[in-house]
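Coordinates in review
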Amino acid sequence: MQGAWSAAQRRLHWAMAGLVFVNFLLALVMVALPLSALFAKILTYQLHKSLGLLLIPLWVWRLWLLARRGRPAPFMLPGWQQGAARWGQGLLYALLITVPVLGFLSAAAAPVAVETVFFLILPIPHPFPPNQALYDVLRPLHQGAAWGLVVLAMGHGAVAIHHHRRGLPVLQGMWRGP
Ligand code: HEM
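These notes cover the structure that comes with them. Since we're looking at a predicted model, the values are computed, not measured.

The subject of this paragraph is the site of the ligand. Around the ligand, the surrounding shell holds 23 residues, and the nearest of these are Tyr-45, His-48, Tyr-135, Arg-139 and His-142. Contact distances for the ligand include 2.4 Å between an oxygen atom and a side-chain N or O atom of Tyr-45. Contact distances for the ligand include 2.8 Å between a nitrogen atom and a side-chain N or O atom of His-142. When residues of the shell around the ligand are traced back to their parent elements, those giving at least two are helix H1 (7-32), helix H2 (38-69), helix H3 (79-109) and helix H4 (132-165). Considering only residue class, the shell around the ligand consists of 15 nonpolar, six polar and two charged.

If you want it as structure tokens, here you go:
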């Protein structure tokens, strides 16, 4: 336990939150783009995949910082609220890695083989060839997990704003630090 979130932990928190929301909206756009806008569609897919893959090293770095520096002592809240917060944050950490991994596996299994090129610079080899049956399982899992992540993150944010309005320095602690 430590007194406050470090600057690196705070920046990672907001950077990853931003990445998730931007990539979620990008996914809705990329799927909605018609085939007549093929170039834009391919570019948005590659950007979606690149931003999503960026989440993986950021997640590792965040868990490493958490292990090394710990986190601030929890606020004096009723036991059930502390339990709900711990479970909610644990699920957020789990989804923050599950969503991009499922996305990458969906891209690998996609029946139309499209290479994943990280920010159009670095080709990332797929772990297996196209597989329709696998894609039919992985894609809905990726989409469902992504919706779960966004809804849970919004709930997490709403609870933080609620505590902030009650005078608890929860949001301030993650925004500006001590
Ligand atoms: C922040 C992380 C990510 C979020 C929030 C996210 C979100 C989503 C959502 C919501 C969809 C469904 C769109 C729809 O049908 O309405 C989707 C589809 C997809 N995503 Fe992601 N994704 C993420 C990361 C990734 C990564 C890392 C990859 C691959 C490297 C990826 C590849 C795909 C593919 C291939 C589809 C299916 C598109 C299609 O059916 O044509 N995603 N994503």
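Assignment of secondary structure puts Leu-77 in the loop between H2 and H3. Expressed as a C-alpha distance, the spacing of Leu-77 and His-163, which sit 86 residues apart in the sequence, is 10.0 Å. Here Leu-77 is in contact with Gln-82, His-163, Arg-166 and Leu-168, once residues within four sequence places are set aside.

The next point concerns the packing of H1 against H2. Relative to each other, H1 and H2 sit at 155°, their axes nearing to 9 Å. With respect to H2, the element H1 is oriented roughly antiparallel. The crossing of H1 and H2 is left-handed. Within the contact of H1 with H2, the residues separate by chemical class into 20 nonpolar, six polar and three charged.

What follows is about the coordination of the iron atom of the ligand. With distances of 2.0 Å, the protein atoms coordinating the iron atom of the ligand are His-48 (NE2) and His-142 (NE2). Bound by six donor atoms, the iron atom of the ligand shows angles of 85 to 178° at the metal and therefore octahedral coordination geometry. Of this pair, His-48 sits in helix H2 while His-142 sits in helix H4, and the two are 94 residues apart along the sequence. Summarising the burial analysis for this pair, His-48 and His-142 share the class buried.

Working note: non-glycine residues mostly have negative phi, and peptide bonds are mostly trans. Phi is positive for Phe-119, which is not a glycine, with a value near 50°. Of note, Phe-119 is situated in the loop between strand S1 (116-118) and strand S2 (122-124). At Leu-120, a residue that is not glycine, the phi angle is positive and equals roughly 60°. When you line up the elements, Leu-120 lands in the loop between S1 and S2. The exposure class assigned to Leu-120 is exposed, which follows from its relative accessible area of 54%.

Bringing the packing of aromatic side chains into the picture now. In this structure the tally under the stated criterion is three aromatic pairs. Centre to centre, the rings of Phe-24 and Trp-147 are 4.8 Å apart; their planes meet at 85°, and the pair counts as edge-to-face. Taken as a pair, Phe-24 in helix H1 and Trp-147 in helix H4 lie far apart in primary sequence, 123 residues in all. Accessibility expressed as a relative area gives 12% for Phe-24, which makes it buried. An angle of 70° between the planes, with centres 4.7 Å apart, marks the rings of Phe-118 and Phe-119 as edge-to-face.

Criteria and cut-off values
Residues numbered from 1 in each chain as written. Predicted model: local features only at pLDDT ≥ 70, side-chain atom pairs only at ≥ 80, totals over all residues. Heavy atoms only, no water. Near = heavy atom within 4 Å. Polar contact = N/O pair within 3.5 Å; in protein donor to acceptor, adjacent residues only side chain to side chain. Helix = DSSP H or I, 4+ residues; strand = E, 2+ residues; numbered from the N terminus. Nonpolar A, V, L, I, M, F, W, Y, C, P; charged D, E, K, R; others polar. Contact = heavy atoms within 4.5 Å. Axes fitted to C-alpha atoms, helices over the stretch in contact; angles between N-to-C directions. Parallel < 35°, antiparallel > 145°, perpendicular 65-115°, else oblique. Left-handed = near helix turned anticlockwise from the far one by under 90°. Donors = N, O, S within 2.8 Å, 3.2 Å for Na, K, Ca; no water. Tetrahedral: all angles 85-135°; square planar, octahedral: opposite > 155°, others 65-115°. Buried < 20%, exposed > 50% of the residue type's maximum accessible area, 1.4 Å probe, protein only. Phe/Tyr/Trp six-rings, centres within 6.5 Å; stacked < 30°, edge-to-face > 60°.

Purely geometric numbers; function is a separate question.
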